[in-house]
Amino acid sequence: MTEMFKNLIAGEWAGGTSASRNINPSDTNDVVGEYAQGTVEQLNDAVAAAKAAFPAWSRSGPQERYEILKKASDEIFARKEELGRLLSREEGKTLAEGIGEAGRAGQVMAFFAGECLRLSGEVLPSVRPGVGVEITREPVGIVGMITPWNFPIAIPAWKIAPALAYGNCVVIKPADLVPGSAWALVDILHRAGLPKGVLNLVMGRGSVVGQALLQHKDVHAISFTGSVATGRKVAEACIASSPMKKVQLEMGGKNPLVVLDDADLKVAVECAVQGAFFSTGQRCTASSRLIVQAGIHDRFVEACIERLKGVVVDDALKAGTHIGPVVDQSQLDQDLKYIQIAKDEGGKLVWGGELLNRETPGFYLQPALFTETTNSMRISREEVFGPVANIIRVKDYEEALSVANDTEFGLSSGICTTSLKHATHFKRNAEAGMVMVNLATAGVDYHVPFGGRKGSSYGPREQGAYAKEFYTTVKTAYTLA
């Protein structure tokens, strides 16, 4: 019998009026579980519970918050193989990637457990004699979170952990497509000793639960990760609400990887293939535009094709699989649509792009690599969010940098070169929030800021100590001695 997973509201598990089936994209006959579809009334109850819990939790001691986050971290690490298997089963990442992401969630929890003990303020002399000034940080309040399907445990972790560490209460709505990993994370934190109402989980449709979260007057801040189109609607709703909500958006990317003539070819190919195609290309940091200097272009293309010939696309849980399936039929349709668009625009498909049949029914797609493309084509301008990349030939470094920056996005940008001069210049002049040198664009650490510029991000950075900029508000107090 398929297990039913409920919402967590005010410390109690509550069913919805209906449920959605969580389907394994590697085997569409496999149902991971049935997950409650929350209602507007349940969302309202969750916010009310968070509001009731906030006064005590916001004034709780750092030791209490530390111990809860550390206990959660310890359980995640102890169960990372189990959690990784669940993640891979519901989202389609390879088992190695799933276990790695579960481990990342544990690292994030451990880091922010430490942050509980590193809270600080400032004491300054006033410009007025006899007056003292104190600058402190306080929790922002009730934080609503809307998380995506591509990192179903890491992204909820790196939103929830800092929110709790800094004394906020949380209502989270995970992606309806893959709720299992977020449910498991919330269950772990709940059992780690969080007081009732501090953390609430309401699963369901964005048009129902998400919209109600955005409109609720008692929610003080919204942290969202997803598409640009939805992100704009989130921002508009937060500004239009009364009172206005603090907002943090992480959205799309059309990330460039520049390959110069002097690059180590083996390093460049590995950066390109890993960055563009692994995790099925379903990363906002994926290297979807490969900008290659003319002198190395043909050798790079040939070497990429040879590397792709050895890539195994199969069941995410099967040993030896390098790339799993696309997450669902809708995303597969989008990938195929853009492959056709690239062909129609004059791009040359030099590898892949075909549907694949495997032992079990799933959404299997051979990674697609295009050459003879320009930066003005739709395949270079719009985010595909799948295992599809195109190569743009350029004459020199200056043109490569110009093409790299010629985009509405600005999340991650990379360069492969052995030139210290070009690497240094690129780090300074790439219009992106994160820059990689001789590394794939899709690989980041958990203890440093994550975020971009232009259409990729809006609001304070996520992760590391910089997370306090969103999850706290600054208070300046003056005292006459």
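Please read these numbers as outputs of a predicted model, since none were measured by experiment. (Residues numbered from 1 in each chain as written. Predicted model: local features only at pLDDT ≥ 70, side-chain atom pairs only at ≥ 80, totals over all residues. Heavy atoms only, no water.)

S.K.: Which residues make up the overall build of the chain, and what values do they have?
M.R.: From N to C terminus, the chain includes 15 helices and 23 strands. Since a compact globule built from 481 residues should have a radius of gyration of about 23 Å, the 23 Å found for the chain is in line with a globular shape. Referenced to the eigenvectors of the C-alpha coordinate spread, the extents of the chain come out at roughly 70 × 70 × 40 Å. Residue burial in the chain is summarised as follows: out of 481 residues, 57% are buried. The long-range share in the chain, meaning contacts at least 24 apart out of those at least 6 apart in sequence, stands at 74%. Carbon together with sulfur atoms contributes 53% to the accessible area of the chain, which is approximately 19,200 Å² in total. Across the chain, the mean location of the 50 positive side-chain charges is 4 Å away from that of the 54 negative side-chain charges. (Helix = DSSP H or I, 4+ residues; strand = E, 2+ residues; numbered from the N terminus. Rg over C-alpha atoms; globule rule 2.2 N^0.38 Å. Buried < 20%, exposed > 50% of the residue type's maximum accessible area, 1.4 Å probe, protein only. Contact = heavy atoms within 4.5 Å. Areas by Shrake-Rupley, 256 points an atom, 1.4 Å probe, with all protein chains shown as cover. Lys, Arg positive; Asp, Glu negative; His and termini not counted. Charge placed at Lys NZ, Arg CZ, Asp CG, Glu CD.)

S.K.: Quick one: what's the story with the packing of aromatic side chains, residue by residue and with numbers?
M.R.: Per the stated rule, a full pass over the model turns up nine aromatic pairs. Measuring from centroid to centroid gives 6.5 Å for F112 and Y166, while their planes differ by 80°, and the two rings are edge-to-face. Of this pair, F112 sits in helix α4 (residues 95-116) while Y166 sits in the loop between α5 (154-165) and β9 (169-173), and the two are 54 residues apart along the sequence. For the pair shown, F112 and Y166 are each scored as buried. Ring pairing ties together the aromatic residues F5, W13, Y35 and W183, which thus form one cluster. Between the NZ or CZ atom of K93 and the centre of the ring of F151, over which it lies, the distance is 3.5 Å. (Phe/Tyr/Trp six-rings, centres within 6.5 Å; stacked < 30°, edge-to-face > 60°. Lys NZ or Arg CZ within 6 Å of the ring centre and 35° of its normal.)

All quantities given are derived from atomic positions and should not be read as evidence of function.
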